[in-house]
Amino acid sequence: MRIKTTEIVDTFAEAFKMWGTRVIITAQTREWALAAARSMTGFATSVIGCKCEAGIERELPAADTPDRRPGVSVLLFAMDAAGVGKRLVERIGQCVMTCPTTACYNGIDGEQSMVVGGQLRYFGDAYQASKVLGGQRLWRIPVMDGEFVVDDRFGVQPGVGGGNLLILGGTMTTTLGAARAAVKAMREAAGVIMPFPDGVVRSGSKVGSKYKTLMASTNHQYCPTLRGIVDDSALAADEGCVLEIVIDGLSEDAVADAMRRGMHAAARRGIRRIAAGNYGGNLGQFQIHLHQLLDGGKA
Amino acid sequence: MSVTLTLHTQPEVPLEAECLSPDRLATLDQAGIAALPVLHGNRNMTVGDFFSVDGGKDLTVRIIGDLGRVKHVATGMSGGHLIIDGNIGSHLGLGMSGGEITVTGHAGDWVGPEMGGGRIVVRGDAGHMVGSAYRGSKVGMRGGEIIVHGRIGNEAGNGMRRGMIAVAADSGDFTGVNMIAGSIFVLGRLGARSGAGMKRGTIVSLHDAEVLPTYSYAACYHPVFLRHYLLRLRQLGLPVEEAHLGGRYRRWSGDSVELNRGEILLFAG
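Given the structure is predicted, the values throughout are model-derived calculations rather than measurements. (Residues numbered from 1 in each chain as written. Chains lettered and ligands numbered in written order. Predicted model: local features only at pLDDT ≥ 70, side-chain atom pairs only at ≥ 80, totals over all residues. Heavy atoms only, no water.)

Moving on, we get to the interface of chain A and chain B. Taken together, the contact between chain A and chain B spans 18 residues of the former and 18 residues of the latter. In this assembly, chain A packs against chain B so that about 1,400 Å² is buried in total across both faces, 57% of it on carbon and sulfur atoms. Sorting the residues of chain A by area buried against chain B places Lys131(A), Leu133(A) and Arg140(A) first, and these three jointly supply 39% of that buried surface. Along the contact surface separating chain A from chain B lie 1 salt bridge. Its salt-bridge partner being Arg140(A), residue Glu263(B) comes within 2.5 Å of it at the nearest N-O pair. At the boundary of chain A with chain B, the tally comes to 10 residue pairs in polar contact (both at pLDDT 80 or more). Broken down by secondary-structure element, the contributors of at least two residues to the side of chain A that touches chain B are β6 (103–106), β8 (129–133), β9 (136–143) and β10 (146–151) of chain A. (Contact = heavy atoms within 4.5 Å. Buried area = accessible area lost by both parts, 1.4 Å probe. Salt bridge = Lys/Arg side-chain N within 4 Å of Asp/Glu carboxyl O. Polar contact = N/O pair within 3.5 Å; in protein donor to acceptor, adjacent residues only side chain to side chain. Helix = DSSP H or I, 4+ residues; strand = E, 2+ residues; numbered from the N terminus.)

To continue, consider the domain arrangement of chain A. Residues and elements named next belong to chain A. You can read the domains of chain A as domain 1 (2–14 + 160–294) and domain 2 (18–157). Relative placement of domain 1 and domain 2: their C-alpha centres are 30 Å apart. Taken together, the contact between domain 1 and domain 2 spans 14 residues of the former and 17 residues of the latter. Between domain 1 and domain 2, the buried area comes to about 1,200 Å², and carbon and sulfur atoms account for 65% of it. Contact with domain 2 buries surface across domain 1, with Ile193, Pro195 and Leu250 losing the most and accounting together for 47% of the total. Remark: the boundary between domain 1 and domain 2 carries 0 salt bridges. Our count for the contact surface shared by domain 1 and domain 2 stands at 2 residue pairs in polar contact (both at pLDDT 80 or more). (Domains from an automatic or database assignment.)

Another aspect to go through is the sheet that holds strand β7 (residues 70–71) of chain B. Residue and element names in this part refer to chain B. Here we have 4 strands laid out as an open sheet, ordered β4-β3-β2-β7, and mixed in their pairing. Only two strands of the sheet have a single neighbouring strand rather than two, namely β4 (43–46) and β7. Where strand β2 (residues 15–16) meets strand β3 (residues 37–40), 2 bridges bridge the pair, whose relative direction is antiparallel. Bridging across to β3, Leu15 finds its partner in His40. (Pairing = 2+ DSSP bridges.)

Residue and element names in this part refer to chain A. A large share of strand β5 (residues 71–78) lies buried, amounting to 8 of its 8 residues. Note: strand β3 (residues 12–26) against β5, 8 bridges, orientation antiparallel. From the neighbouring strand, Trp19 faces β5, where its bridge partner is Ala78. (Buried < 20%, exposed > 50% of the residue type's maximum accessible area, 1.4 Å probe, protein only.)

Packed helix pairs are characterised by how far apart their axes lie and by the angle those axes make with each other. Residue and element names in this part refer to chain A. Two elements in contact, helix α1 (residues 30–40) and helix α3 (residues 81–96), have axes separated by 9 Å at closest approach and are oriented at 135 degrees. Comparing their axes, α3 and α1 come out oblique. Crossing geometry of α1 relative to α3 is assigned as right-handed. Listed contacts from α3 to Ala36, Ser39 and Met40 of α1 are Leu88, Arg91, Ile92, Cys95 and Val96. (Axes fitted to C-alpha atoms, helices over the stretch in contact; angles between N-to-C directions. Parallel < 35°, antiparallel > 145°, perpendicular 65-115°, else oblique. Left-handed = near helix turned anticlockwise from the far one by under 90°.)

This part covers a nonpolar patch on the surface. Residues and elements named next belong to chain A. Taken together, the side chains of Val207, Tyr279 and Leu283 make up a nonpolar region of the molecular surface, amounting to roughly 280 Å² of accessible area. Along the polypeptide, Leu283 turns up in the loop between β16 (271–275) and β17 (286–289). When its relative accessible area of 47% is taken as the criterion, Leu283 is described as partly exposed. (Patch = residues over 30% accessible without salt bridge, like charges linked within 9 Å, V, L, I, M, F, W, Y side chains within 5 Å. Areas by Shrake-Rupley, 256 points an atom, 1.4 Å probe, with all protein chains shown as cover.)

Take a look at the structure:
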């Protein structure tokens, strides 16, 4: 199967069940909301090394936020609901509460909810106050520019982590261009994030390592510089650069939709193939087949 | 089929009609509603002696007429929608826990005393003691919302612990007296001695006001939490302008004769 001149490999992305949440950050200006969101989603590329994966879902116009100020929607994923709660307390406490003029709200009605503002409130040193409006409890924590307002609880729901695309191109320039175009298109999809730097990862990994203490190591099959010394390289002779886009989403449909958009945007002259990473179907709960995505099916 | 009661005989003295509550009428047919007991002064009478009844067995009830002398309507109401097409007497929605009451005219004293939930909307003015505690009782309103599109009298929110009272025009004296917590919004002017004896809670006015000497000025700032309330009030039809949402408010802390954890927020532009 091809899109334009690019071959779409008959394979699947193997994704995993994670737990996710949506956080709405607002501030007096769009810039401050983005500053808090960038800080909160920093060092959150992979759950293996960062305990969570997080990213900016989209910017929100003032009309779409709970307090009618400019906002940013952030998605955060961890391996279980309690993990999401812990990461929220850490990251909202350290990255959002600290950022001038911000407030922070729950963005989903999840299966479960985690107490976040109800823990951060202790920073108020007994000067904090709460307000309940329409069943929603907000905490007002006194800070040096006024008050930090944060929801008491944040919803958490099952999500999907590890959806991915591998873009195999002839040159770095061409492959980077395709990857950026793919990420831009995927950001139009709702309920997904691409947690790596600007959505793109070059250090794709495989499970395990020659070093026993490491759980993951470089995906040598896709490293062009190793093509001459490994006997199981996955790269053809004219494939000189591989970039990966990892997608986490609040549902399998959301991840699939983003992958579909990404493939269409990335396919172009100079991109030889688009593939996906998997573990033979033995580890992940979800298999998202590329051909079926393009045929209109989900997986 | 919704229930409609139309006043055909104006009571000569106050009429106590606790039974006129949607959740109680919902199980009754026309005859059953007409036979419900009411107290006319000190005489036992029935609903049918004063109202013609149309329909039955429905949680939406409309009462038409000048009910200025009818008291204790919707006592303990837990659900449904009561529409009073006219004025209503005192003690409306006493201790109600759910549902909604809409009054198209004016309401007497003691609107929603010690209520725990639900919503009362008065399109006209309301009297004294809105959402208050009864004399001798320590706790007034415990939850829910009271929205008054006109003015309110004295001692609104006396002993209030939770919930919201919002008034589009002015409030009388001692607004939020002995308040324990909760929120009172006066889009007009606050009466004298507002917040006297307040422990916690919030009183907001969109005008400047004279604050008791037992309050301390804290700051002039942008209270973000207020935006949530003001948006809610706007949604409920109160005249909240964009300037009020993004404006600065002077914060006064008090009352220092009590816990000193309450606040009065006055719009500063």
